[in-house]
Amino acid sequence: MKEQIAVAFEKVSFSYNNHLLFKAVDLAVEEGGFVSVIGPNGGGKTTLLRLILGLLKPRSGRIRVFGEHPKNARTRIGYVAQYSSFDELFPVTALEVVLMGRMGNSLTGSYNRRDRQKALDSLAEVGLAKAGSIAFSELSGGQRQRVLIARALVTEPRLLLLDEPNSNIDVAVERKFVNVLEELHRKMTIIMVTHDVGFASHLVRNVICVNKTLAVHPTSGLTTEVINDMYGHRMNIIQHDKICTPEEDE
Amino acid sequence: MILDVLYALSPFKNPLMTHAFIAAILSSICFGIVGSFVVVKRISSIAGSIAHSSLGGIGLALFLQYNLGILWFSPLLGALFSALVSALIIGLVSLFASQREDTVIGVVWAVGMAIGLLFVTQTKRYTDAMSYLFGEILFISPSELLIIVALDAVIISLCMIFYNKLLAVSFDQEFAKLRGVRVELYYLLLLFLTALTIVLMAMIVGILLVIALLIIPQAIAGMFSKKLWQMMLVSTLFCLAFTTAGLYVSYIYNLYAGPTIILCAGGVYLLLLLFTVFRNKLFRSV
């Protein structure tokens, strides 16, 4: 049943600048799962994603994505980086951003008609069918986030990694964004880093708690005590359902 | 043939001014294209370091020519050599070493200039470093114009062929890497194009001021462009306007051409910046 595991960590240790971040951690994310990764800043949430992507090498242990080395599995992984890492003024349209997901190994990186159609389909999938010609800088925070998700989707991934996708989303459009994630979850495994334990909580099956170590809990087992213990101080849990309102932001 | 057309277009009767005008047109293309990448990739400090460190090669060339009689090693060749070496050092450190990039940029900047000044002061014949620092657009020769035509051809060809890859690497290097793009290769290509442009364009405005034409017209163009190629086109036009206007003003008032060109560009940029701030405040208060 090896192929049913999307991501597997076996005794993985990782240190950054001689600072031990993970010590012999094990992890198994089933294919088709929706896992959220929570933890305090600097705890290693983004590092976890970068290890899965093969952008970082573990000091020891073994990482497998769909049974392969992460670098070999990259074509099956869609990645949405933290929104704050992008230059908002970069002169590029939404369609051009999404097309970057179709870039292959060819020397010139040119796109064909099929690539363009796939990019337009991906934009439509995240509810931005008419936004292709709009400059990235002219889009709202939520729309930009969805463009970046469309860029990940156009790679036709089996695993989608999202790094704090709701960090720049207005509460008013959060519901729409959750609906997009719900649709995507029908087709692929999702691992989502978030600061917000309540975000998309009805979709999340397991929660990975990361703070220099790693523990996996089922969503129901994520009590206030577990969260307080992980963050090292008292945290408040806010229910989302009451503040979400469906609203078009296109 | 290209030069014949440009000669015919020149509004100046003076042959020196005509050459300078043609140099301004040709260089605007390089500045517009490469400068746009410099601005969007946020490597203006790297470009500044490459520009200043090229003095090391210029000094070495003057020393070899006048003290040791090695005439084939011209200042242009020396500048090209040191600029490419600097680009390679900064590029490799940025990509592979765990050193702070800004520290390395500063070191290359200062060491390059120090080497250049040492060699210039040890050169037997008196050498006016001012022409290298601030440029001599009025003394551009027809053979140098042909070199700039060749540079334009190289830059336009490479940027057209690799436009999508360079755009992807400039926008999001990490994602490009995940898509199988050899980002190290394209990043170094970008730095080499920047070094090549800086060295040849330093003939026009000098190594101290070349950085201004690599960022000011592009920063202005960025206010009006929603695609990178549009930014290149608009910044080329702005660059052409600034160099022509600067040349004209320097001709009328008998001023140094390089600084006059830069002040024209800087003045327009500041005015536009003030206009943008004023407009935003006005909209906010309404």
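Going by the structure above, here's the rest.
Residues numbered from 1 in each chain as written. Chains lettered and ligands numbered in written order. Predicted model: local features only at pLDDT ≥ 70, side-chain atom pairs only at ≥ 80, totals over all residues. Heavy atoms only, no water.

J.: Help me understand the overall build of chain B, please; the structure alone is not making it clear to me.
T.: Helix and strand counts for chain B come out as 13 helices and zero strands. Reading the helices (α) and strands (β) of chain B from amino to carboxyl end gives α-α-α-α-α-α-α-α-α-α-α-α-α. Its C-alpha radius of gyration of 19 Å places chain B within 12% of the 19 Å reference for a compact globule of 286 residues. Seen along its three principal axes, the alpha-carbon backbone of chain B occupies a region of about 65 × 50 × 40 Å. Within chain B, the proportion of its 286 residues that are buried is 51%. (Helix = DSSP H or I, 4+ residues; strand = E, 2+ residues; numbered from the N terminus. Rg over C-alpha atoms; globule rule 2.2 N^0.38 Å. Buried < 20%, exposed > 50% of the residue type's maximum accessible area, 1.4 Å probe, protein only.)

J.: Explain the interface of chain A and chain B here, please?
T.: Accessible area lost during the coming together of the parts is what is often quoted as the interface size. Facing 30 residues of chain A, the contacting portion of chain B comprises 25 residues. Summed over both partners, the interface of chain A with chain B comes to about 2600 Å²; 62% of that surface belongs to carbon and sulfur atoms. Three residues stand out in chain A for area buried against chain B, namely Phe90, Pro91 and Met103 of chain A, and they jointly supply 25% of the buried area on that side. Between the two partners, chain A and chain B, sit three salt bridges. Of the charged contacts, one joins Arg151 of chain A and Asp172 of chain B as a salt bridge, the two residues approaching to 2.8 Å between their closest N and O atoms. Joining chain A to chain B, the criterion identifies eight residue pairs in polar contact (both at pLDDT 80 or more). In terms of residue class, the side of chain A that touches chain B is built from 14 nonpolar, eleven polar and five charged. (Contact = heavy atoms within 4.5 Å. Buried area = accessible area lost by both parts, 1.4 Å probe. Salt bridge = Lys/Arg side-chain N within 4 Å of Asp/Glu carboxyl O. Polar contact = N/O pair within 3.5 Å; in protein donor to acceptor, adjacent residues only side chain to side chain. Nonpolar A, V, L, I, M, F, W, Y, C, P; charged D, E, K, R; others polar.)

J.: Would you take a moment to explain the packing of aromatic side chains for this structure?
T.: Geometrically, a pair of aromatic rings is defined through the distance of the ring centres and the angle of the planes. As enumerated under the stated definition, the model contains seven aromatic pairs over all chains in all. Ring geometry for Phe136 of chain A against Phe171 of chain B: centres 5.6 Å apart, planes inclined by 85°, an arrangement best described as edge-to-face. With one member in each of two chains, Phe136 of chain A in the loop between α4 (113–125) and α5 (141–153) and Phe171 of chain B in helix α8 (residues 163–171) form a pair that bridges those chains. No difference in accessibility class separates Phe136 of chain A from Phe171 of chain B, as the two residues are buried. Across from the ring centre of Phe136 of chain A, 5.9 Å away, lies the NZ or CZ of Arg144 of chain A, which sits over that ring. Here the basic side chain of Arg158 of chain A rests over the ring of Phe66 of chain A, its NZ or CZ set 4.1 Å away from the ring centre. (Phe/Tyr/Trp six-rings, centres within 6.5 Å; stacked < 30°, edge-to-face > 60°. Lys NZ or Arg CZ within 6 Å of the ring centre and 35° of its normal.)

J.: It is not clear to me how the nonpolar core should be interpreted in this structure. Could you clarify?
T.: One recurring pattern in soluble globular proteins is that nonpolar side chains are buried together. Membership of the largest hydrophobic core comes to 168 residues, with the highest contact counts inside it found for Phe9, Leu48 and Ile191 of chain A. Per-element accounting of this core gives the leading share, 16 residues, to helix α10 (residues 183–205) of chain B. (Core = buried A, V, L, I, M, F, W, Y, C linked by side-chain atoms within 4.5 Å.)

J.: Got a minute to help me understand empty space enclosed by the protein in this structure?
T.: If a probe as big as a water molecule is rolled over the atoms, it shows which places are left empty. The full count for this structure, using the stated rule, is one cavity of 30 Å³ or more. Computed from the structure, the largest cavity encloses a volume of approximately 50 Å³. As for the largest cavity, its lining consists of Leu53, Arg74, Ile77, Gly78, Tyr79 and Thr155 of chain A together with Phe175, Leu178 and Arg179 of chain B. With three residues, strand β5 (residues 77–80) of chain A is the single largest residue contributor to the lining of the largest cavity. When grouped by side-chain class, the residues that make up the lining of the largest cavity number five nonpolar, two polar and two charged. (1 Å grid on protein atoms, 1.4 Å probe; cavity = no way out; pocket = protein on both sides within 12 Å on 5 of 7 lines; lining within 4 Å. Points joined across faces, edges and corners; volume = space filled by probe spheres on them.)

J.: Please explain α10 of chain B as it appears in this structure.
T.: Residue and element names in this part refer to chain B. For α10, with 23 residues, the first-to-last C-alpha span of 32 Å sits near the 33 Å given by 1.5 Å per residue. The sharpest bend along α10 reaches about 30° and sits at Val199. Immediately beyond the C-terminal end of α10, within one or two residues, lies Gly206, with a positive phi of roughly 85°. (Expected span 1.5 Å × (residues − 1). Bend = angle between axes of the 7 residues up to and from the residue.)

J.: When you look at the layout of surface pockets in this model, what are you seeing that I'm missing?
T.: Space inside the largest pocket adds up to approximately 1100 Å³. Around the largest pocket, the lining comprises 33 residues; the ones closest to its centre are Arg50 of chain A together with Ser94, Leu95, Gln173 and Glu174 of chain B. Listed by contribution, the elements that provide at least two residues to the lining of the largest pocket are α1 (45–53) of chain A together with α4 (75–96), α8, α9 (173–178) and α10 of chain B. Residues that form the lining of the largest pocket fall into these classes: 15 nonpolar, eight polar and ten charged.

J.: Help me understand the environment of Ser44 of chain B in this model?
T.: Checked against the element boundaries, Ser44 of chain B lands in helix α3 (residues 44–68). When residues no more than four places from it in sequence are discounted, the contact partners of Ser44 of chain B are Val38, Ile211 and Ile215 of chain B.

J.: What's the story with the packing of α3 of chain B against helix α5 (residues 101–122) of chain B in this structure? I'm lost.
T.: Two quantities define a packed helix pair, namely the angle between the axes and the distance from one axis to the other. Residue and element names in this part refer to chain B. Orientation of α3 relative to α5, taken along the N-to-C sense of each, is 25°, at an axis distance of 7 Å. By the angle between their directions, the pair α3 and α5 is classed as roughly parallel. The crossing of α3 and α5 is left-handed. (Axes fitted to C-alpha atoms, helices over the stretch in contact; angles between N-to-C directions. Parallel < 35°, antiparallel > 145°, perpendicular 65-115°, else oblique. Left-handed = near helix turned anticlockwise from the far one by under 90°.)

J.: Just to check I follow, could you spell out the pattern of salt bridges for this structure?
T.: Where charged atoms from two side chains of opposite charge approach closely, those side chains can pair. Residue and element names in this part refer to chain A. Within the structure shown, the criterion is met by 14 salt bridges over all chains. The partner of Lys11 in a salt bridge is Asp26, and the shortest N-O contact between them spans 3.1 Å. Separated by 15 residues along the polypeptide, Lys11 in strand β1 (residues 5–16) and Asp26 in strand β2 (residues 19–30) bring together distant segments of the chain. Glu88 serves as the salt-bridge partner of Arg144, at 3.3 Å between the closest nitrogen and oxygen. Here Glu88 lies in the loop between β5 and α3 (94–99) and Arg144 lies in helix α5, a separation of 56 residues in the sequence.

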